[in-house]
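Residue-level structural notes
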Amino acid sequence: MIGTVMRPFSALASRSLFVFDPEKAHGLSVAALKSGVVPACSLKADPRLAQTIAGIRFENPIGLAAGYDKNAEVPDAVLKLGFGFTEIGTVTPKPQAGNDKPRIFRLVEDRGIINRLGFNNEGHEAAFQRLSARRGASGIVGVNIGANKDAQDRIADYVAGIRKFYGLATYFTANISSPNTPGLRDLQARDSLKALLEAILSVRDEEATRHGRSVPIFLKIAPDLTEEGMDDVAAEATSHALDGLIVSNTTLARDGLRNQTQAKEAGGLSGAPLFSRSTTVLAKMRQRVGKDLPIIGVGGVGSAAQALEKIRAGADLVQVYSCMVYEGPGLPSAIVRGLSSLLDQEKATSIRELRDTHLDQWAAKSL
């Protein structure tokens, strides 16, 4: 979606990247990671940042959200940037081109991105082959699964994703919240969500018996849910053996944007303008699901302070993506180091101690 990781560590090179069309820049950044142009980051492990969430040991809480490495081309190179985990996809059973170009727009004044990509990806088989080639490698790699635009049975597409990648995924994310596939968000409605969760959790149980391990499944939801919609999601999430939520995907809202020209473009808005809304929804969902269900917070995180605020609002882990357009490939390591410094200031012995400390303030905000 964006061209960040190729960006060398200088302001001049950063600005030069913006000469390219955003989608072209994204392709160049992936190529740079493949080639090794971007050096690995050396981070000293901080045991205060480590946690076990959904049965998985995370050495630090910062991950790369789905959407960047759609086809599982560079998961290991991404992890070397300092991320504690990464998520490939969204992958669909069949390859699909996505929506017509242009379909990515930078809102530089707002430090935001609008995209209407539409799950463009090479399909299950291409990602499966690449992940198979790294079988046995270390590092947490989640697989974000979706449905083809023309699928007659979208739930079947999610089931197919669980089956296909079960032996390779550290965890799964069922993405039912992209605004760029018509009707996809309808799966968040209570009856549809119940059917989806029953189907994917049933196949997970089958595969767990076959493979001898249970792979966690997270559900990625939209930031545009109503209070009633959040009630429904929370009710289904807590009444099924779901392992966690990811809050949230991009938004259709355009509140307070400076760039009113680009704001008129259709698609989901991410980056800095999404921070407040996504954090509010995160806190509201934390209140609804209780303290035990894991939540990954995502949306507008561009600093250690913002990552910590997600945690204070109820997140166990935090993902970043669009803010790397503006902050560059050093962002994950800067956030991780910054979190250590913030823990020093708080005199905290674990990042877990700070979770929910601003929950009530965020949950009280209106959407």
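Residues numbered from 1 in each chain as written. Predicted model: local features only at pLDDT ≥ 70, side-chain atom pairs only at ≥ 80, totals over all residues. Heavy atoms only, no water.

The name an unreviewed UniProt entry gives the chain is Dihydroorotate dehydrogenase (quinone), with Rhizobium soli as the organism. Taken directly from UniProt, the Catalytic activity (unreviewed entry) text for the chain runs: "(S)-dihydroorotate + a quinone = orotate + a quinol". (UniProt positions renumbered as here; feature names shortened; annotations may be inferred.)

1. What about the overall build of the chain?
From N to C terminus, the chain includes 13 helices and 13 strands. For 367 residues, the compact-globule estimate of 2.2 N^0.38 gives 21 Å, and the chain sits close to it at 19 Å. Summarising its shape, the C-alpha atoms of the chain cover approximately 50 × 45 × 45 Å along the three principal directions. Pairs at least 24 residues apart make up 74% of the contacts formed inside the chain by residues separated by at least 6 positions. About 14,200 Å² of surface is accessible on the chain, with carbon and sulfur atoms providing 51% of the total. (Helix = DSSP H or I, 4+ residues; strand = E, 2+ residues; numbered from the N terminus. Rg over C-alpha atoms; globule rule 2.2 N^0.38 Å. Contact = heavy atoms within 4.5 Å. Areas by Shrake-Rupley, 256 points an atom, 1.4 Å probe, with all protein chains shown as cover.)

2. Notes on the sheet that holds strand S7 (residues 141-145)
Strand order in this closed barrel of eight strands is S3-S4-S7-S8-S9-S10-S12-S13, and the pairing throughout is parallel. When the angles between neighbouring strand axes are averaged without regard to direction, this sheet yields 25°. Together, strand S8 (171-175) and strand S9 (217-221) form the strand contacts of helix H6 (residues 190-211), whose direction differs from that of S9 by roughly 155°. Contacts from helix H10 (residues 304-312) reach strand S3 (62-64), strand S12 (295-298) and strand S13 (317-320) within the one sheet, and its direction differs from that of S13 by about 140°. (Pairing = 2+ DSSP bridges. Axes fitted to C-alpha atoms, helices over the stretch in contact; angles between N-to-C directions.)

3. A word on the sheet that holds strand S5 (residues 104-107)
Taken in spatial order, the three strands line up as S5-S6-S11 in an open sheet, and their pairing is antiparallel. Of all strands in the sheet, those with a lone pairing partner are S5 and strand S11 (268-271), marking the two edges. Neighbour to neighbour, the strand axes of the sheet diverge by 25° on average, direction disregarded. Here strand S6 (residues 112-115) pairs with S11 via four bridges, running antiparallel. Within S11, the residue paired with Gly 112 across the bridge is Gly 271.

4. Side note on the UniProt feature "domain: Dihydroorotate dehydrogenase catalytic" (unreviewed entry) in the chain
Listed under "domain: Dihydroorotate dehydrogenase catalytic" (unreviewed entry) in the UniProt record, and renumbered for this structure, are residues 49-343. The span residues 49-343 carries 36% helix and 19% strand; its end-to-end C-alpha distance comes to 9 Å.

5. Observations concerning the pairing of S6
Along any regular strand, the residues point their side chains to alternate faces of the sheet. The alternating pattern of S6 places Gly 112 and Ile 114 on one face and Ile 113 and Asn 115 on the opposite face, and all of these are buried. Relative to S6, S5 runs antiparallel, the two sharing four bridges. Bridging across to S6, Arg 106 finds its partner in Ile 113. (Buried < 20%, exposed > 50% of the residue type's maximum accessible area, 1.4 Å probe, protein only.)

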